[in-house]
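# Residue-level structure breakdown
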Amino acid sequence: MTDTLPTFPQSPSPVIIDGVVAAARVKAEVAAGICDLTARGSVAPGLAVVLVGDDPASIAYVRMKERDCAEVGIRATDYRLPADIPQKELNALIEELNRSERVHGVLVQLPLPAPLDEAQVIERIAPAKDVDGFGADSLGRLVRGERALRACTPAGVMRLLDDYGIDPDGKRAVVVGRSVIVGKPMALLLLERNATVTVCHSRTADLAALCREADLLVAAVGRPGMIDRSYVKPGAVVIDVGINRTDKGLVGDVDFADVAPITAAITPVPGGVGPMTRALLMANTLAAAQAQL
Ligand code: NDP
């Protein structure tokens, strides 16, 4: 399985970037890392998974993450809390998890139900246990180019690019979306790897023309099929982060059927970035445990 990824740009275009195969490779590495750790007498990494309320999508995401944990050998501990939990109690739980020696990573499934304040919760997670990489310490270190746990989705995109031999160095990259969890860290990771990066958003003028300048186009918008071929330079690499639930099932931000034929490489939805996000959560949890043990 680990040797089946075609390498860009030698393969005939377009290369369909397979996030399922790449994620399996990451998870196999994590499983091997955990075997190493436990063989040396350490406990297996522990991930606390905090779910507040009963949003069906959040429940499904948490279930998948816990399945991944079981697959690689991470001890997941589930904290299911009622939607009306007082902020103080939730904050106190995070502090307790920060102190626990058996917990190496703390994941709070977002979004939190109103009126809970997400920022208060995220900022409480100890930086060493911030396996989602959303905290100010983790993001600040990313800005400064220092070691820290990186946000899983953009880190997963970087790993996909590496696995497929797509080097951002010197490339013109355009990221559509400026969220704290995807767009901004994505831009910073590409910058760290010497891409020349433009970040676009809902107020960007002439978005399609800017996107057409990209050798590497990352869509993280949340609008089904918004990026058609009028946004894409022929021969570009297109990474579709979007996950949109529609009548036709899960679709990305990129109109895959329209865009794929003119690209050098492209991620599908599903089966592209999504599985890598989950795999990188496992990798971050192992890295957090290694640093703490
Ligand atoms: P947000 O809603 O937080 O951010 C969306 C961004 O897109 C904003 O910066 C917004 O601009 C911009 N935007 C919205 N409409 C337009 C437009 N018409 N033209 C240009 N820019 C626009 O979303 P997220 O970053 O959290 O998620 C983005 C997508 O990625 C979603 O589909 C989400 O489900 C998916 N996702 C997928 C993950 C994965 O594992 N594959 C993980 C996380 C998210 P502005 O800032 O001006 O409002």
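A few points on the structure. Treat the numbers as computed from the prediction; the structure is a model and nothing was measured.

Our next topic: the nonpolar core. By size, the foremost hydrophobic cluster in this structure holds 53 residues, and its most contacted members are I17, L47, L161, L190, I239 and V241. No other element matches helix α10 (residues 273–292), which puts nine residues into this core. Core analysis: the second largest hydrophobic core is formed by 19 residues, L207, L217, V232 and A260 among them.

Turning next to the environment of A220. Within the secondary structure layout, A220 lies in the loop between β7 (216–219) and β8 (237–240). Residue contacts for A220: discarding those within four places in its chain leaves V176, G177, V182, V241 and D253.

So, on to the site of the ligand. In the vicinity of the ligand lie 22 residues, with R178, S179, S202, R223 and T277 positioned nearest. S179 is positioned such that a nitrogen or oxygen atom in its side chain is 2.5 Å from an oxygen atom of the ligand. In the environment of the ligand, an oxygen atom lies 2.7 Å from a nitrogen or oxygen atom belonging to the side chain of T277. Within the complex, 71% of the 930 Å² of free accessible area of the ligand lies under protein.

Moving on to the pattern of salt bridges. By the definition in use, this model includes 16 salt bridges. Note that D68 and K27 form a salt bridge whose closest N and O atoms lie 3.3 Å from each other. Separated by 41 residues along the polypeptide, D68 in helix α2 (residues 56–72) and K27 in helix α1 (residues 19–39) bring together distant segments of the chain. The class for K27 is buried, based on a relative accessible area of 14%. Notably, a salt bridge pairs R80 with D78, separated by 3.2 Å at the nearest N-O pair. Classification of R80 by relative accessible area gives partly exposed; the value is 43%. Each member of the salt-bridge network shares a partner with another, and the members are R25, E29, R159 and D163.

The strands that make up a sheet pair up through hydrogen bonds in the backbone, lying either parallel or antiparallel. Pairing is parallel in the open sheet, where three strands are placed in the order β3-β2-β4. This sheet does not close on itself; its edge strands, each paired only once, are β3 (75–81) and β4 (105–108). With direction set aside, neighbouring strand axes in the sheet form an average angle of 20°. For strand β2 (residues 46–52) and β4, the ladder comprises four bridges, and the chain directions are parallel. Within β4, the residue paired with V49 across the bridge is L107.

With that out of the way, let us pick up the packing of α1 against α2. At a closest axis distance of 8 Å, the pairing of α1 and α2 adopts a crossing angle of 55°. By the angle between their axes, α1 is oblique relative to α2. The residues of α2 that touch α1, namely those facing K27, V30, A31 and I34, are D68, E71 and V72. Taken together, the residues that form the contact of α1 with α2 break down as four nonpolar, no polar and three charged.

In this section: the environment of G105. As for its placement among the helices and strands, G105 is situated in strand β4. Once the C-alpha coordinates of G105 and V131 are considered, the two residues, 26 residues apart in sequence, prove to be 5.5 Å apart. Residues contacting G105, with those up to four places away along its chain left out, are G46, L47, A48, K129 and V131.

What follows concerns the sheet that holds strand β11 (residues 265–266). Reading across from one edge, β1-β11-β8-β7-β5-β6 is the order of the six strands in this open sheet, with parallel pairing throughout. The open sheet is flanked by β1 (15–16) and β6 (196–200), the only strands paired with a single partner. With two bridges joining them, β8 and β11 adopt parallel strand pairing. Of the residues in β11, the one forming a bridge with V237 is A265.

Our next topic: empty space enclosed by the protein. Following the criterion strictly, the structure yields one cavity of 30 Å³ or more and no others. The volume enclosed by the largest cavity comes to roughly 50 Å³. As for the largest cavity, its lining consists of V106, L107, V108, L110, I122, I125, D130, D132 and F134. By residue number, the principal contributor to the lining of the largest cavity is β4, which donates three residues. When the residues that make up the lining of the largest cavity are grouped by side-chain class, the tally is seven nonpolar, no polar and two charged.

About the thresholds
- Residues numbered from 1 in each chain as written.
- Predicted model: local features only at pLDDT ≥ 70, side-chain atom pairs only at ≥ 80, totals over all residues.
- Heavy atoms only, no water.
- Core = buried A, V, L, I, M, F, W, Y, C linked by side-chain atoms within 4.5 Å.
- Buried < 20%, exposed > 50% of the residue type's maximum accessible area, 1.4 Å probe, protein only.
- Helix = DSSP H or I, 4+ residues; strand = E, 2+ residues; numbered from the N terminus.
- Contact = heavy atoms within 4.5 Å.
- Near = heavy atom within 4 Å.
- Polar contact = N/O pair within 3.5 Å; in protein donor to acceptor, adjacent residues only side chain to side chain.
- Areas by Shrake-Rupley, 256 points an atom, 1.4 Å probe, with all protein chains shown as cover.
- Salt bridge = Lys/Arg side-chain N within 4 Å of Asp/Glu carboxyl O.
- Pairing = 2+ DSSP bridges.
- Axes fitted to C-alpha atoms, helices over the stretch in contact; angles between N-to-C directions.
- Parallel < 35°, antiparallel > 145°, perpendicular 65-115°, else oblique.
- Nonpolar A, V, L, I, M, F, W, Y, C, P; charged D, E, K, R; others polar.
- 1 Å grid on protein atoms, 1.4 Å probe; cavity = no way out; pocket = protein on both sides within 12 Å on 5 of 7 lines; lining within 4 Å.
- Points joined across faces, edges and corners; volume = space filled by probe spheres on them.

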